[in-house]
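Structural overview
Here are the chains, one letter per residue:
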Amino acid sequence: MFKSIISKFIKSKGGNKEVNGKVVCGCFKVTEQDLKNAIKNGANSFEEVQAITKVGTGCGRCIEGNKALVDYLLKK
Ligand code: FES
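Think of each chain on its own: its residues are numbered from 1, step by step along the sequence as written. Since the coordinates come from a predicted model, pLDDT governs what is reported: local features require at least 70, and pairs of side-chain atoms require 80 or more to be given and counted, while whole-chain, interface and lining totals use all residues. Hydrogens and water are ignored here; the side-chain numbers use all heavy atoms of the structure.

Re the nonpolar core
The term nonpolar core refers to a set of buried residues drawn from Ala, Val, Leu, Ile, Met, Phe, Trp, Tyr and Cys, joined through side-chain atoms within 4.5 Å. Three labels apply to residues, based on accessible area from a 1.4 Å probe with only protein chains included: buried if under 20% of the type maximum, exposed if over 50%, partly exposed otherwise in between. Grouped together as the largest cluster of nonpolar side chains are 15 residues, with contacts concentrated most on Val30, Leu35, Val49, Val55 and Val70. Under the DSSP-based scheme used, a helix requires at least four consecutive residues in state H or I and a strand at least two consecutive residues in state E, with every element numbered from the N terminus. Those elements that place two or more of their residues in this core are strand E1 (23–25), helix H3 (32–40), helix H4 (46–53) and helix H5 (63–75). Here a residue-residue contact requires only that any non-hydrogen atoms of the pair lie within 4.5 Å. The residues contacting Val49, other than those within four sequence positions of it, are Leu35, Ala38, Ile39, Ala43, Lys54, Val55 and Val70.

In structure tokens:
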């Protein structure tokens with residue numbers, strides 16, 4: 001299951017970052033659209049989104065904001 005989520009995410013990734021939305025994690029250039037794609041492809045928690053996108057796994061300064069954003073996106 002998790003492998004298929006990652007595989008779908010990788011397929012959906014690519015293209016121009018500026019087209020794909022605002023960068024929400026500077027360490028890994030993760031965009032808000034990347035978070036949405038991870039959720040769309042089956043991620044059900046911040047930890048799963050993190051495992052797929054690497055969001056917040058660098059310096060860590062974006063974790064709180066992105067956790068709130070992912071929680072919001074999961075409720076949508
Ligand atoms: S900015 Fe997201 S981990 Fe550093």
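Additional details are given in the paragraphs that follow.
Some remarks on the pattern of salt bridges
What makes a salt bridge here is a side-chain nitrogen of Lys or Arg within 4 Å of a carboxyl oxygen of Asp or Glu, nothing more. This structure, assessed with the given rule, holds 1 salt bridge. Taking the shortest distance from any N to any O, the salt bridge between Lys36 and Glu32 comes out at 3.7 Å. Taken as a pair, Lys36 and Glu32 lie in helix H3 at a separation of 4 residues, close to a single helical turn. Taking relative accessible area as the criterion, Lys36 reaches 33% and is therefore assigned partly exposed.

As for H4
Three or four residues apart is the spacing at which side chains of an α-helix point the same way, because the helix has 3.6 residues per turn. Looking at H4, one finds that the buried residues are Phe46, Val49, Gln50, Ile52 and Thr53. The arc enclosing the buried residues of H4, seen along the axis, measures out at 165 degrees, which places them on a common side. Positive phi appears at Lys54, one or two residues downstream of H4, with a value of about 75 degrees. Think of it as the arc spanned by the lines of direction from the helix axis to the C-beta atoms.

Remarks on H3
The set of residues buried in H3 consists of Asp34, Leu35, Asn37, Ala38 and Ile39. Gly42, located one to two residues past H3, shows a positive phi value of around 120 degrees.

Here's the deal with the environment of Asn44
Looking at where Asn44 falls in the secondary structure, it is placed in the loop between H3 and H4. Residues Asn44 and Leu74, 30 residues apart in the sequence, show an inter-C-alpha distance of 7.1 Å.

Here we look at the packing of H3 against H5
Only C-alpha atoms enter the line fits that serve as axes; for helices the fit covers just the stretch in contact. Angles between N-to-C directions range over 0 to 180 degrees. Relative to each other, H3 and H5 sit at 45 degrees, their axes nearing to 10 Å. In terms of axis orientation, H3 runs oblique to H5. Helix-helix and strand crossings are classified by hand; for H3 and H5 the assignment is right-handed. Residues Glu32, Leu35, Lys36 and Ile39 of H3 form the contact with H5, whose participating residues are Asn66, Leu69, Val70, Leu73 and Leu74. When residues are sorted by character, Ala, Val, Leu, Ile, Met, Phe, Trp, Tyr, Cys and Pro go into the nonpolar class, Asp, Glu, Lys and Arg into the charged class, and all the rest, Gly among them, into the polar class. The residue makeup of the contact of H3 with H5, split by class, is 6 nonpolar, 1 polar and 2 charged. For classification, angles of less than 35 degrees are called roughly parallel, those exceeding 145 degrees roughly antiparallel, those between 65 and 115 degrees roughly perpendicular, and all remaining angles oblique. Handedness of a crossing follows from how the near helix is turned relative to the far one, being left-handed for an anticlockwise turn of less than a right angle and right-handed for a clockwise one.

So, to be careful, I would describe these as geometric facts and stop short of saying anything about function.
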